[in-house]
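# Remarks on the overall topology
Each chain, written out:
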Amino acid sequence: MTARREVQVTFDANDPGALSRFWAEAIGYPLQDPPPPFDSWDQALEARGVPEERRNDASALVDPEGTGPRLFFQKVPEPKAAKNRVHLDVRAAPGLQGEARMAALEAEAERLVALGATRVRRFEPTPPMGAGHLVMQDPEGNEFCLD
């Protein structure tokens, strides 16, 4: 039997700090704390000799309950070029159906648009298989769904 492995979701980003702050607000994960004994990442990176211009090369979010995957944001030089083959589904309306579900998804979409997301497309409920969802993009164009 294969050993159980932890999973980290990694985002390539032009601005890891800004993108991680968007996702922190979107899903309620806090930024990962700096290592002890430091009170901030700036202190930790300065102590490690990281030049100031490189201090936004990475950022990470962690599940506050310690059960979900860590989200890691890494700086890359190239812009996003194509549709994601893998994406996150943000569960914004679990247990809801029909108009109540779509209203909850619309409300969450409005909140995320105010934070910098872009609304792409609405998929209406198609019982019995499709409950309805919204396709969105984060501030750097990564697709995700409100489900």
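How each quantity is defined
- Residues numbered from 1 in each chain as written.
- Predicted model: local features only at pLDDT ≥ 70, side-chain atom pairs only at ≥ 80, totals over all residues.
- Heavy atoms only, no water.
- Phe/Tyr/Trp six-rings, centres within 6.5 Å; stacked < 30°, edge-to-face > 60°.
- Helix = DSSP H or I, 4+ residues; strand = E, 2+ residues; numbered from the N terminus.
- Buried < 20%, exposed > 50% of the residue type's maximum accessible area, 1.4 Å probe, protein only.
- Pairing = 2+ DSSP bridges.
- Axes fitted to C-alpha atoms, helices over the stretch in contact; angles between N-to-C directions.
- Contact = heavy atoms within 4.5 Å.
- Core = buried A, V, L, I, M, F, W, Y, C linked by side-chain atoms within 4.5 Å.

### Describing the packing of aromatic side chains
Tallied over the full model, the rule gives five aromatic pairs. For the ring pair Phe11 and Trp23, a centre distance of 5.6 Å and an interplane angle of 40° mean the geometry is tilted. One end of the pair, Phe11, is in strand 1 (residues 8-13); the other, Trp23, is in helix 1 (residues 16-27), with twelve residues separating them in the sequence. You'll find Phe11 and Trp23 in the same group, each marked buried. Ring plane angle 20° and centroid distance 4.8 Å describe the contact between Phe11 and Phe73, whose orientation is recorded as stacked. Here the residue Phe11 occupies a position in strand 1, and Phe73 occupies one in strand 3 (residues 70-75), the gap between them amounting to 62 residues. Each of the two residues, Phe11 as well as Phe73, counts as buried. An aromatic cluster of three or more residues is present, and its members are Phe11, Phe22, Trp23, Phe73 and Phe144.

### Looking at the sheet that holds strand 7 (residues 143-146)
Taken in spatial order, the four strands line up as 4-7-6-5 in an open sheet, and their pairing is mixed. The outermost strands of the open sheet, each flanked by one partner alone, are strand 4 (88-90) and strand 5 (118-123). Going across the sheet, the axis of each strand differs from the next one's by a mean of 25°, ignoring polarity. Strand direction decides the pairing type here: strand 5 and strand 6 (residues 133-137), joined by five bridges, are antiparallel. In the strand pairing of strand 6, Thr118 is matched with Gln137. Packing of helix 1 onto the sheet brings it into contact with strand 4 and strand 7, and relative to strand 4 it is tilted by some 40°.

### Overview of the environment of Gln97
Inspection of the secondary structure puts Gln97 in the loop between strand 4 and helix 3 (98-114). Sequence-wise, Gln97 and Met1 are 96 residues apart; in three dimensions their C-alpha atoms are separated by 38 Å.

### What about the nonpolar core?
The biggest cluster of nonpolar side chains holds 22 residues, and the ones touching the most others in it are Trp23, Leu112, Phe144 and Leu146. When residues of this core are traced back to their parent elements, those giving at least two are strand 1, helix 1, strand 3, helix 3, strand 6 and strand 7. Top element by residues in this core is helix 1. It accounts for five residues. With residues near it in sequence (within four places) discarded, Leu112 still touches Phe22, Ala26, Ala117, Met136, Phe144 and Leu146.

### As for the environment of Ala60
Relative to the helices and strands, Ala60 resides in strand 2 (residues 58-61). Sequence spacing of Ala60 and Phe73 is 13 residues, and the spatial spacing of their C-alpha atoms is 6.0 Å. Discounting residues that sit within four places of it in the chain, Ala60 has contacts with Pro30, Leu31, Gln32, Arg70, Leu71, Phe72 and Phe73.

### Some words on the sheet that holds strand 1
Pairing in this open sheet of three strands is mixed, and the strands run 1-3-2 from one edge to the other. Because the sheet does not close on itself, it has two edges, and the strands there are strand 1 and strand 2. Adjacent strand axes in the sheet meet at a mean angle of 20° when their direction is disregarded. Pairing geometry for strand 2 and strand 3, over four bridges, is antiparallel. Directly across from Ala60, in strand 3, lies its bridge partner Phe72.

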